[in-house]
Amino acid sequence: MHTFLYRTNSLLTFVASVLVVLCILASITDYFHRDSAVVAVDIVQVDRFQVSQAGNDEAFLAFNISADLRSVFTWNTKQLFVFLAVEYATPENAVNQVSVWDRIIERREDALIALPRVQNKYRLVDQGRNMRGRDLNLTMYWNAMPKSGRIYTGQKTLTGYRLPDTYS
Amino acid sequence: MDYEGQRLSEQIMQWLIIVAAVIGFLAGYITSSYRLMLEIYTGGMVLAFLLAVPDWPYFNWHKLSWLPEQPPSEDEAAASSSTLAVQKSKQGKRSSKGKR
Amino acid sequence: MIGYVKDAVRDVHTYFKTLNVRQLISQAISLGLIVSSALMIWKGLMVVTGSESPVVVVLSGSMEPGFRRGDILFLHMSNAPIRAGEIVVFNIDGRDIPIVHRVIRVHEKAETGEVEVLTKGDNNFGDDRPLYAQGQMWLNRKHVMGRAVGYLPYVGIVTILMTDYPYVKIILIGALGLLVITSKD
């Protein structure tokens, strides 16, 4: 039976199926995208380094964050979730990653970050008291959330930082 | 719509949408605008709906040629007087054909 | 329009009038085939993605503007260690609604390799500790059902509608039932 409703139904299902294919194709183009991200992060100052009320080491740091992530945006990028993680290893914990700052970037133009002095947004707390004299890596992550398709992450690690040997 | 028209309708619908998808994808990719791809695609969908779904005259160019109507012979005129029983059994036969 | 309604009513009437055992069994088998195919596909997806829940619908606005209510996420669970920045779906003991948030802290034990993880929704002000069970400070690997690897917008709106407006569910199932009854095969 080839009624009006039948044809409308057939059209709508075909439209939906092809649309899903389009969304997947758009995501596949992301795979071929090459970015030229520029990231520079520095610890400007250790404001405070003490034992928290709960008995764990806690550091209050000021960072200089500057990054150009505009080239990371593709036509399929909905937003970039950018965050800075302080990473270190202790005898007890092989891996410690603490996100200390983040930002959501929705437009390509806004992906130019210039923060000469910003305090850590989230508390940098250890599990225990193992942070004195610890070597740190600072890694900038950018999580690309797409308009459709695959979610992927890029990162840039900067090494060579170190916490003071004593509390301040 | 006649049978040729139905086939034509399906073809118009599918081709229009695929073409709209391809053009939309390329245009969106080149201009780096996801939104443009969706706009072109939606345009294609509306066009396909307008051209392929309603029963336009160009879907009726290959009319089925029915055999000419024959006047009922005398046997059929006698049989048609017992209408109810005959019609009911015919309906039964038709619906079982339809189920296939 | 009235014509369609009249036809539908007549079809339902004929359906119940000419009900017989063979027809019922045949329809039950068709229904069973559809349901079992769907179940097979779902279970197959579970095996391929390694996740109990290969596809989830975003139910809250705590990850906006990236994920909105009604979007769907494709999950995958591998043995790779859980790291900061990953978007994970987890279950809290005692609650059955999975939560989709981002990992913001990772502490992996040197000896056992076990990991303690803290999550936070992008759109939330604070971390998820208030959401965890009483006394729970961290999530472990066993709580995590999968990582979000893929995304499609709007596809899950139907689920949201059905959750927010329960009578939509009834109407949908009623309409489906009508369609099954009135279709000639």
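Just so you know, these numbers come straight off a predicted model, no measurement behind them.

Calculation notes
Residues numbered from 1 in each chain as written. Chains lettered and ligands numbered in written order. Predicted model: local features only at pLDDT ≥ 70, side-chain atom pairs only at ≥ 80, totals over all residues. Helix = DSSP H or I, 4+ residues; strand = E, 2+ residues; numbered from the N terminus. Rg over C-alpha atoms; globule rule 2.2 N^0.38 Å. Buried ≥ 20, exposed ≤ 12 C-beta atoms within 10 Å, placed from the backbone. Contact = placed C-beta atoms within 7 Å. Nonpolar A, V, L, I, M, F, W, Y, C, P; charged D, E, K, R; others polar. Pairing = 2+ DSSP bridges. Expected span 1.5 Å × (residues − 1). Core = buried A, V, L, I, M, F, W, Y, C linked by C-beta atoms within 7 Å. Domains from an automatic or database assignment. Axes fitted to C-alpha atoms, helices over the stretch in contact; angles between N-to-C directions. Parallel < 35°, antiparallel > 145°, perpendicular 65-115°, else oblique. Left-handed = near helix turned anticlockwise from the far one by under 90°. UniProt positions renumbered as here; feature names shortened; annotations may be inferred.

A. Expanded view of the overall build of chain A. Counting its secondary structure elements, chain A contains one helix and nine strands. Sequence-ordered secondary structure for chain A, helices as α and strands as β, is α-β-β-β-β-β-β-β-β-β. Taking 15 Å as the expected radius of gyration for a compact globule of 168 residues, we find that chain A reaches 23 Å, considerably beyond that expectation. Per-residue burial for chain A yields a buried fraction of 35% across its 168 residues. Of the contacts formed within chain A by residues at least 6 apart in sequence, a portion of 68% connects residues at least 24 apart.

B. Expanded view of the overall build of chain B. When you go through chain B residue by residue, the secondary structure sums to four helices and zero strands. Looking at the 100 residues of chain B, the share that counts as buried comes to 17%. Across chain B, contacts joining residues at least 24 apart in sequence account for 63% of those joining residues at least 6 apart.

C. Molecular detail of the interface of chain A and chain C. The partner chain C presents 20 residues to the 28 residues of chain A that form the contact. Put simply, the parts of the chain that give the side of chain A that touches chain C at least two residues each are β3 (77–88), β4 (93–105), β7 (135–146) and β8 (149–150) of chain A. Counting residues per element, the side of chain A that touches chain C draws most heavily on β4(A), which supplies eight residues. Of the residues in the side of chain A that touches chain C, the class split is 14 nonpolar, ten polar and four charged.

D. Representation of the pairing of strand β4 (residues 99–109) of chain C in the model. When you tally the buried positions in β4(C), you get ten out of eleven residues, the bulk of the element. Note that β4(A) and β4(C) share five bridges and pair antiparallel. Note on β4(C): the bridge partner recorded for Val95(A) is Glu108(C). Here four bridges tie strand β3 (residues 87–90) of chain C to β4(C), and the two strands are oriented antiparallel to one another.

E. View of helix α1 (residues 3–31) of chain B. For α1(B), with 29 residues, the first-to-last C-alpha span of 42 Å sits near the 42 Å given by 1.5 Å per residue. Contact partners of the buried residues in α1(B): α1 (4–31) of chain A together with α2 (34–52) of chain B. Directly after α1(B), the chain includes Ser32(B), whose backbone phi takes a positive value near 60 degrees.

F. Just the nonpolar core, in detail. Grouped together as the largest cluster of nonpolar side chains are 79 residues, with contacts concentrated most on Leu80(A), Leu84(A), Ile17(B), Val89(C) and Val100(C). Two domains share this core, each providing at least three of its residues, namely domain 1 (1–32) and domain 2 (35–162) of chain A. Contact partners of Val100(C), with chain neighbours within four places excluded, come to Val56(C), Val58(C), Met63(C), Phe67(C), Leu73(C), Ile87(C), Val89(C) and Ala148(C).

G. Fine view of the packing of α1(A) against α2(B). Put simply, α1(A) and α2(B) touch, their axes get as near as 11 Å, and they point 160 degrees apart. Considering their axes alone, α1(A) and α2(B) lie roughly antiparallel with respect to each other. Considering only the axes of α1(A) and α2(B), their crossing is right-handed. Each of Arg7(A), Leu11(A), Val15(A), Leu19(A), Leu22(A) and Ala26(A) in α1(A) lies in contact with α2(B), whose residues at this interface are Tyr34(B), Met37(B), Tyr41(B), Met45(B), Ala48(B), Phe49(B) and Ala52(B). The residue makeup of the contact of α1(A) with α2(B), split by class, is twelve nonpolar, no polar and one charged.

H. Fine view of the UniProt feature "transmembrane region" (unreviewed entry) in chain B. Residue and element names in this part refer to chain B. In this structure's numbering, the residues bearing the UniProt feature "transmembrane region" (unreviewed entry) are residues 12–31 and 38–59. For the annotated span residues 12–31, helix accounts for 100% and strand for 0% of the residues, and the straight-line distance between the end C-alpha atoms is 28 Å. In the segment residues 38–59, helix accounts for 68% and strand for 0%; the C-alpha atoms at its two ends are 29 Å apart.

I. Structural detail: the domain arrangement of chain A. All names here are of chain A. On domain assignment, one finds that chain A holds domain 1 (1–32) and domain 2 (35–162). For domain 1 versus domain 2, the separation of C-alpha centres amounts to 41 Å. Opposite the six residues of domain 1 that make contact, domain 2 presents six residues. Residue composition of the side of domain 1 that touches domain 2, grouped by class: three nonpolar, two polar and one charged.

J. Layout of the environment of Met145(C). Here Met145(C) is to be found in strand β6 (residues 144–152). Among residues more than four places away in sequence, those in contact with Met145(C) are Ser51(C), Glu52(C), Ser53(C), Leu75(C), Met77(C), Val89(C), Phe90(C), Asn91(C) and Pro98(C).

K. Here's a closer look at the packing of α1(B) against α2(B). Residue and element names in this part refer to chain B. Put simply, α1 and α2 touch, their axes get as near as 7 Å, and they point 165 degrees apart. Overall, the two elements α1 and α2 adopt an arrangement that is roughly antiparallel. Where α1 crosses over α2, the two elements pack in a sense that is right-handed. For the contact of α1 with α2, the residue count by class is 20 nonpolar, six polar and no charged.

L. The environment of Gly121(C), seen in detail. Residue and element names in this part refer to chain C. Tracing the chain through its elements places glycine 121 in the loop between β5 (115–120) and β6. What makes glycine 121 buried here is the crowd of 20 C-beta atoms within 10 Å. The spatial distance from the C-alpha of glycine 121 to the C-alpha of isoleucine 160 is 19 Å, given a sequence separation of 39 residues. In contact with glycine 121, other than residues within four places in its own chain, are Ser62, Met63 and His101.

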